[in-house]
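Analysis of the macromolecular model
In case you want the letters, here they are:
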Amino acid sequence: MTPAKPELLAPAGSLEALRAAVENGADAVYLGARAFSARGYAANFSDEELEEAIDYAHLRGVKVYVTVNTLIKDREMEDAVKILCCLQEMGADAVLVQDPGLISLAKKYLPGLPLHASTQMTLHNSEGALFAKEMGMERVVLSRECSLEELQNVRETAGLEVEAFMHGALCISYSGQCLMSSLIGGRSGNRGYCAQPCRKKYRLKKDGKPVDYGEEGKKVKETSGPYLLSPKDLCTAPFLPALVEAGVASFKLEGRMKRPEYVAGVVGTYRRLLDCCLKSPETYSVRPKESETLEQLFNRGFTEGYFFKNPRGALMSRERPHNRGVFAGRVLGYDRRKRSATLELAATLSVGDGILFTESHPTGKADAEAKEEGWVIRRMYRGREAIKEAGAGDVVEIPFDKDISADSPVYRTFAKALMEALEKSFTSGSPIRQVPVSLKAEIAAGRPLTLTLSDFYSGSVSVESEYLVETPLKIPTEKEQIVQQFSKLGNTGFRPEKIEIDLKEEVFIPVKEINLLRNRAVAELEKLRVSKAKRLPCPDFRLPAVPERQENWKGMEKGMEKESGKKRTFPVKPLLSVSVYSPEALKAALAGGADLIYYGEGLFSPGKGRDGKRYEKQPEKSLGKCLEQNLENAVLLVREAGKKVYFMTPRIVKDSEMEATTEILRAAKSLEADGVLVANLGVLRRAKALKVPFIADSPLNVFNSYSLDFFSREGAKRTTLSPELTLNEISPIAARGAVECIVHGRLELMESEHCVVGGLLGGKKRCSAPCRTGNFSLTDEKNYEFPLLMDQSCRMHLLNSRALCLLDRLPELIGAGISGLRIETLGMDEEGSGERIRALTEAYRKSIDLYLENRKEEPGKCENFGKEFTTGHYFRGVQ
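Here is a short report on the structure shown in this document. Note that the structure is predicted; figures quoted are calculated from it, not measured.

Reading guide: rules and limits
Residues numbered from 1 in each chain as written. Predicted model: local features only at pLDDT ≥ 70, side-chain atom pairs only at ≥ 80, totals over all residues. Heavy atoms only, no water. Pairing = 2+ DSSP bridges. Helix = DSSP H or I, 4+ residues; strand = E, 2+ residues; numbered from the N terminus. Axes fitted to C-alpha atoms, helices over the stretch in contact; angles between N-to-C directions. Contact = heavy atoms within 4.5 Å. Parallel < 35°, antiparallel > 145°, perpendicular 65-115°, else oblique. Left-handed = near helix turned anticlockwise from the far one by under 90°. Disulfide = S-S within 2.5 Å. Buried < 20%, exposed > 50% of the residue type's maximum accessible area, 1.4 Å probe, protein only. Salt bridge = Lys/Arg side-chain N within 4 Å of Asp/Glu carboxyl O. Lys, Arg positive; Asp, Glu negative; His and termini not counted. Polar contact = N/O pair within 3.5 Å; in protein donor to acceptor, adjacent residues only side chain to side chain. Phe/Tyr/Trp six-rings, centres within 6.5 Å; stacked < 30°, edge-to-face > 60°. Lys NZ or Arg CZ within 6 Å of the ring centre and 35° of its normal.

Now for the sheet that holds strand 25 (residues 460–468). The mixed open sheet is built from four strands, whose spatial order is 25-24-23-26. Lying at the two open borders of the sheet, with one neighbouring strand each, are strand 25 and strand 26 (494–503). When strand polarity is set aside, the average angle formed by the axes of neighbouring strands in this sheet is 20°. Of the pairings in the sheet, the one linking strand 23 (residues 435–443) to strand 26 comprises nine bridges and is parallel in character. When the sheet's bridge partners are listed, Lys 440 is paired in strand 26 with Glu 500. Sheet strands in contact with helix 13 (residues 479–487) are strand 23, strand 24 (448–454) and strand 26, and its direction is about 150° off that of strand 26. In this fold helix 14 (residues 511–531) packs onto strand 23, strand 24, strand 25 and strand 26, with an angle of close to 150° to the strand it touches most, strand 25.

Below, the structure written as structure tokens:
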């Protein structure tokens, strides 16, 4: 069966970029409103511009998807729903969403508005896609880390349209799971304001000492630099036949932050390539000129991503985190007297082009940063002759005021001629993108002139002139002249494909009357095409008010009850939970007084390494006798202590790994644990199907009361809130149900399919699992150190440089109505960690009890456990 034609989906960060996308062949565009868009730094669109953009695109047969794909705060939710109302009325073809609370409200108040699941929802398995379908999603944008096989499997299993990124920037973290920008600088990627700290310099350490990749990574042939978290850009141009064959519904191009010329060039190139692929996949190829155009527009080096294999170290652009352009030649020498560089060219250079001189690794160290100097060519010489352009093989001299070493590579980062040509493609005033129409005119003397204009899709319009057609006194109006005038659709969005003139006698019609009638018909057809997508206005509504915290909570945060020995009264006594990953840590947490244990043994045991093949190691489909016995022992220990235990599950679970995770769910049921902690929508759905009680974990990004309500309806016993919320934002959410907050430990900043340690030190072919040889970390330019953990699937987990500690602020947390306080022990694997976990748990236990019982003893303090702590976002929040 011939695969369906995929949609080419283009980015539009501005009206200009929208025109660039449409004029160069996009089937659909995605763009953001001024609020609640995951690209908050793009120009984006005002309400008036949104309607203009939607009408402009629909007139030309292009769909418009609007991104409302950030996490929404309670106080913002009504505004967010109102934006959806406006988009429904304007005729947006779909809205991309992330926030579960907003999704549930949209389905309640706007059931006719199509919704697409944003990549920010971290959908990466079939169960998750099915859950999204049950939520009301019509399409899912899967994680960029999914292979082609996984995309196909999700599409076939879930019966949903699958949208996938095909070109542009990559995130090192799974989208929707990155807190790095948020916790380092207060700018949240989940709110659309990522500051891209992954594009900064980092140094790899092993057991506290800097790693020399040149020594430890001799097996690695790729050049290394200091940008250890900076991926290359995705480019799938060479692989379009396979992607079409897989049945991907929408080929998505990244770039809402890019200039319109970039959008024009990338869209135009992929349009031509996709059309060639659909016409003849057997002979499909990418021409050198097309490859050069894509490279020239923007690249950090290109990668095929995870579609066909895990690229390991080849994924990364460690030498530079920015555009490298096209290799243009090398420096032959530098004349200090003339202050000019002599170049031997490998590509065309012209006056007005931008170039980049690069001296790689001047210190000689493998991870040293290359020295770079940018320059705009104002003059260029071949010998003594001033020239405007030179080609490959030419030797030219360019004035340049910085000393540069011989043999330094030169890159063309800006091609003036290309950019000017691309700009003309959407600013020339002569539209490229026009809808074919048929015109039929009925002409008879003494009657009005009638014209019917049809676009073969929306229908047709008929207009009639006030003017009455005349009998010619001298020279009649020829039929050819009438056809010519009706054909002049010029700068409209239409082009004549068929013209019929019903003329039975000689007549005279002034050209002015023909033009007036044609213009009226065009205006009416434009109205018809635009109006087809419009929907009825939303009914008036107002969201139920978010409840205030209950009355008997209000006094607690102010410490109103002063009498020693008088116990405070609470609707729910807050539970102290501890996440542990070994039997020793479990015993320590119980000894310290934990009420509830999250048990995650085996989740962070480093894998044995893998080669580039996607599924080199078949995932285990059973727990293994040792782990199964340890889980049983864990339940027995917890039961003996009279406490509760939930088994932890991974936040990333591919389809090939789902059976192993299901075994954890089955074990929880058979061993009579209290349930499981779920961190992705797929595992949540599987837990529901098996009737295993569950707690919703923080990776599900519960950011408001409406999301809490949603997961409570789905059956969550408790929900761990997003660590990006402030205490003031948490309080009204806590009034709606059982919520938990992480109060101590290193928060996980990201989970990545790419392992920095394996990519640098693991060898070229099969990874030798160097992560097993010591404790690794990354150090940034300010000397903050971020621990690294690898799991059994060889994924990398980056932890915060500072541990969270709220021991000093527990009265405020309890006063906010939080019903669960959680200690996270991830990363506490050093010698003596069991005693540290016991002491930490005991300190929190004592402080909670002191407050509840209103005793005047000295509570624990963070300083008793170290100096470098953070209170996270509880008292500062995110942008």
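Let's pick the thread back up.
Here we take up the packing of helix 13 against helix 14. The N-to-C vectors of helix 13 and helix 14 enclose an angle of 40°; their axes lie 9 Å apart at closest approach. Accordingly, the angle class assigned to the pair helix 13 and helix 14 is oblique. Between helix 13 and helix 14 lies a crossing of right-handed hand. Judged by residue contacts, Gln 481, Ile 482, Gln 485 and Phe 486 of helix 13 engage Val 511, Ile 514, Asn 515 and Arg 518 from helix 14.

All told, the structure shown has one disulfide when counted by the stated rule. Sulfur-sulfur distance for the disulfide between Cys 805 and Cys 862 comes to 2.0 Å. An S-S torsion of about -95° defines the bridge between Cys 805 and Cys 862 as left-handed. Residue Cys 805 is located in strand 38 (residues 803–805), and its partner Cys 862 is located in the loop between helix 24 (833–853) and strand 40 (869–870); the two are separated by 57 residues in the primary sequence. Among the residues examined, Cys 862 registers a relative accessible area of 7% and is labelled buried. Not engaged in a disulfide, the cysteine Cys 198 finds its nearest cysteine sulfur in Cys 194; these two sulfurs lie 5.8 Å apart.

Right, let's talk about the pattern of salt bridges for a bit. Evaluated as defined, the whole model comprises 56 salt bridges. Glu 372 is the partner of Arg 320 in a salt bridge, and the nearest nitrogen-oxygen pair spans 2.6 Å. Taken together, the positions of Arg 320 in the loop between strand 12 (302–303) and strand 13 (326–335) and Glu 372 in strand 17 (residues 371–376) put the pair 52 residues apart, joining distant regions of the chain. We note a salt bridge from Glu 500 to Lys 498, for which the minimum N-O separation is 3.6 Å. In this structure Glu 500 comes out as partly exposed when scored by relative accessible area, which is 36%. Sharing partners across several salt bridges, the network here consists of Glu 7, Arg 139, Glu 161, Glu 163 and Lys 252.

We now examine the side chain of Glu 724. Checked against the element boundaries, Glu 724 lands in the loop between strand 32 (716–720) and helix 21 (727–734). In this structure Glu 724 is buried but unpaired, with Arg 191 as the nearest side chain of opposite charge at 7.3 Å. Within the structure, Glu 724 has its side chain in polar contact with the side chain of Ser 182 (distance 2.7 Å). At a separation of 2.6 Å, a polar atom in the side chain of Glu 724 contacts the side chain of Ser 188. Those residues in contact with Glu 724 that sit more than four places away from it in its chain are Leu 71, Leu 179, Ser 182, Ser 188, Asn 190, Phe 703, Glu 729, His 873, Gly 877 and Val 878.

With that out of the way, let us pick up the packing of aromatic side chains. On inspection of all chains with the given rule, the structure shows ten aromatic pairs. Their ring planes at 85° and their centres at 5.5 Å tell us that Tyr 581 and Phe 604 sit as a pair that is edge-to-face. Placement of the pair is Tyr 581 in the loop between strand 27 (575–580) and helix 16 (583–592) and Phe 604 in the loop between strand 28 (596–599) and helix 17 (625–640), with a sequence separation of 23 residues. On the accessibility criterion, Tyr 581 (16% relative accessible area) is buried. Taken together, the ring pairs connect Phe 131, Phe 710 and Phe 711 into an aromatic cluster. Positioned above the aromatic ring of Tyr 706, the side-chain terminus of Arg 736 is 5.4 Å from the ring centre. The ring of Phe 875 carries the charged tip of Arg 809 above its face, separated from the ring centre by 3.8 Å.

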